[in-house]
Amino acid sequence: MNLSAWNRVAVIAAFAAIAGFGAGCDKLGGGKGKGSGSGSGSSGSSGSSGVAPVADTGPIKIGHYASLTGSEATFGVSTDHGVILAMEERNAAGGVKGRKIELKTLDDASKSSEAGNVVQRLISEDKVVALIGEVASGSSLAGGKVAQQQGVPMISPSSTNKKVTEGRDMVSRVCFLDEFQGYVVAKFAKDQKFDKVAVLFDQAAPYSKGLAETFKTEFEALKGTITTSQAYTAGDPDVSAQLQSIKTSGAQAVFLPGYYTDVGNIVNQARKLGITAPFLGGDGWDSSKLAEIGGAAIEGSYYSNHYSFDEARPEVKDFVSKFEKRWKETPDGLAALGYDAARVLFDAMDKAPSLGGKDLATTIAATKDFPGVTGKITLDANRDAQKQAVVVQMKGGKPRYVATVVPKGWPEPAAATPAGSGSGSAAGSAAAAGSGSATK
Ligand code: PHE
């Protein structure tokens with residue numbers, strides 16, 4: 001029963017060869033709970049929860065846990081596409097330490113309650129040496145708990161809640177924090193002359209709750225007024241009571257730090273109730289589905305994000321063209337961050353003395369000046385990245401680049417206006433904001 005680590009890798013590799021080398025087998029299987037049907041079942045699980053010694057021959061297995069189905073499905077699918085592209089490029093260039101990389105992606109169905117389970121499966125059944133995931137902070141908190149307990153390094157591409165990495169030396173991330181993102185939106189709102197803003201947040205999501213708080217702190221520090229702060233829970237079909245309060249509060253804009261499915265639905269309800277004020281959001285809006293669900297109601301609204309396909313930076317142009325060629329779709333922020341997270345991981349694997357948990361985690365944590373598509377990535381003492389943000393505006397159903405905002409003390413961002421799209425005064429003011437009295 002107890003296959004040695006080497007044998008297990010051989011079994012998995014053999015399976016992978018039969019199944020067709022590559023990633024994401026499970027995603028085609030769809031539903032959660034079916035995840036173990038691929039590969040892992042054939043290897044005769046020992047049922048142990050301990051971490052097997054890391055094999056040093058055969059393909060290097062990495063795991064991705066993601067929302068491939070459910071209300072945040074585009075987050076997981078886009079991220080997976082970014083990770084796969086990075087892996088294919090790396091394998092074509094010879095892999096890592098002379099070995100091919102093999103990816104196993106498991107679906108957590110957009111449920112934080114599932115995230116821990118799929119991470120456990122990736123570790124104990126698939127014997128992955130490292131994990132990528134999740135997008136939603138609530139899921140990264142749950143998955144990160146297991147990764148930490150089991151001593152397997154994890155990189156979140158895009159979870160922005162501070163607590164995700166806190167006290168967990170196995171866990172790092174390649175994105176900025178909501179402490180910065182809250183500032184970005186607050187400053188942008190002020191620059192748009194929105195002095196009175198209402199807040200509507202998802203009380204059950206650590207991301208939404210946390211970002212609502214940092215926005216409030218930053219906006220009030222800039223002498224803005226929060227007219228009212230209202231709560232919903234993801235999936236609530238009717239938020240008209242909260243929207244009525246917002247309507248009568250005299251808000252000039254509404255900050256809605258939610259995920260795209262709720263955002264699209266809520267904005268539609270708001271317009272039906274006669275709320276004409278623009279909505280402002282954070283990275284959780286980033287989805288090709290936002291325009292589909294939000295329709296005309298979302299047009300003109302703004303959100304902050306990690307990158308825009310519209311940016312003029314050469315690394316963005318290069319990535320967008322490679323990604324479009326591979327996937328026939330325009331990469332959103334999740335795709336770019338998935339690509340960056342995977343490349344940071346491979347870079348650390350190159351440099352780490354071994355692929356054992358501690359060695360690899362320490363090497364990831366030492367990442368410095370890594371040239372990501374989403375900006376230069378340097379991890380700080382808390383294994384978080386300090387990066388620039390962009391503000392985009394929904395126009396014609398697409399998030400168009402408006403401005404780049406950099407953390408305090410950073411050089412002024414280069415004039416990043418995309419070719420052919422006038423950025424108007426909003427860009428100027430937000431870029432100036434970023435280089436001004438930034439506090440984060
Ligand atoms: N930052 C969000 C969170 O922490 C996730 C997210 C990132 C969503 C980027 C969309 C784009 O939950």
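Anything mentioned here points back to the structure above.
The present account deals with the structure reproduced in this document.

Quick notes on the rules
- Residues numbered from 1 in each chain as written.
- Predicted model: local features only at pLDDT ≥ 70, side-chain atom pairs only at ≥ 80, totals over all residues.
- Heavy atoms only, no water.
- Pairing = 2+ DSSP bridges.
- Helix = DSSP H or I, 4+ residues; strand = E, 2+ residues; numbered from the N terminus.
- Axes fitted to C-alpha atoms, helices over the stretch in contact; angles between N-to-C directions.
- Contact = heavy atoms within 4.5 Å.
- Near = heavy atom within 4 Å.
- Polar contact = N/O pair within 3.5 Å; in protein donor to acceptor, adjacent residues only side chain to side chain.
- Areas by Shrake-Rupley, 256 points an atom, 1.4 Å probe, with all protein chains shown as cover.
- Nonpolar A, V, L, I, M, F, W, Y, C, P; charged D, E, K, R; others polar.
- Domains from an automatic or database assignment.

This paragraph deals with the sheet that holds strand E3 (residues 130-132). Sheets are built from strands paired through backbone hydrogen bonds, the pairs being either parallel or antiparallel. Here we have five strands laid out as an open sheet, ordered E2-E1-E3-E4-E5, and parallel in their pairing. The sheet is open, and its two borders are formed by strand E2 (101-107) and strand E5 (171-173), each paired with just one other strand. Taken pair by pair, the neighbouring strands of this sheet meet at an average axis angle of 25°, ignoring direction. Both strand E4 (residues 154-156) and E5 contribute to a ladder of three bridges, which runs parallel. Along E5, the bridge assignment pairs Ser 156 with Arg 173. Seen against the sheet, helix H3 (residues 73-92) touches strand E1 (60-66), E2 and E3 and runs at an angle of roughly 170° to E2. Together, E1, E2 and E3 form the strand contacts of helix H4 (residues 112-124), whose direction differs from that of E1 by roughly 170°.

In this section: the site of the ligand. Around the ligand lies a shell of 14 residues, among which Ser 137, Ser 158, Thr 160, Tyr 259 and Asp 283 are the nearest. Between the ligand and the protein, one listed contact pairs a nitrogen atom with a side-chain N or O atom of Thr 160 at 2.7 Å. In this structure, Tyr 259 approaches the ligand through a side-chain N or O atom, which is 2.5 Å from an oxygen atom. A total of 320 Å² of accessible area belongs to the ligand in isolation, and the protein chains cover 100% of it. Of the residues contributing to the shell around the ligand, the split by class is six nonpolar, six polar and two charged. Here the shell around the ligand spans two domains, since at least three of its residues come from each of domain 1 (35-176 + 314-373) and domain 2 (179-305 + 389-433).

To continue, consider unusual backbone geometry. The omega angle of the peptide bond from Gly 133 to Glu 134 is -20°, so this bond is cis rather than trans. Mapped onto the fold, Glu 134 is located in the loop between E3 and helix H5 (137-150). The backbone phi angle of Lys 127 is positive, close to 55°, even though this residue is not glycine. Of note, Lys 127 is situated in the loop between H4 and E3.

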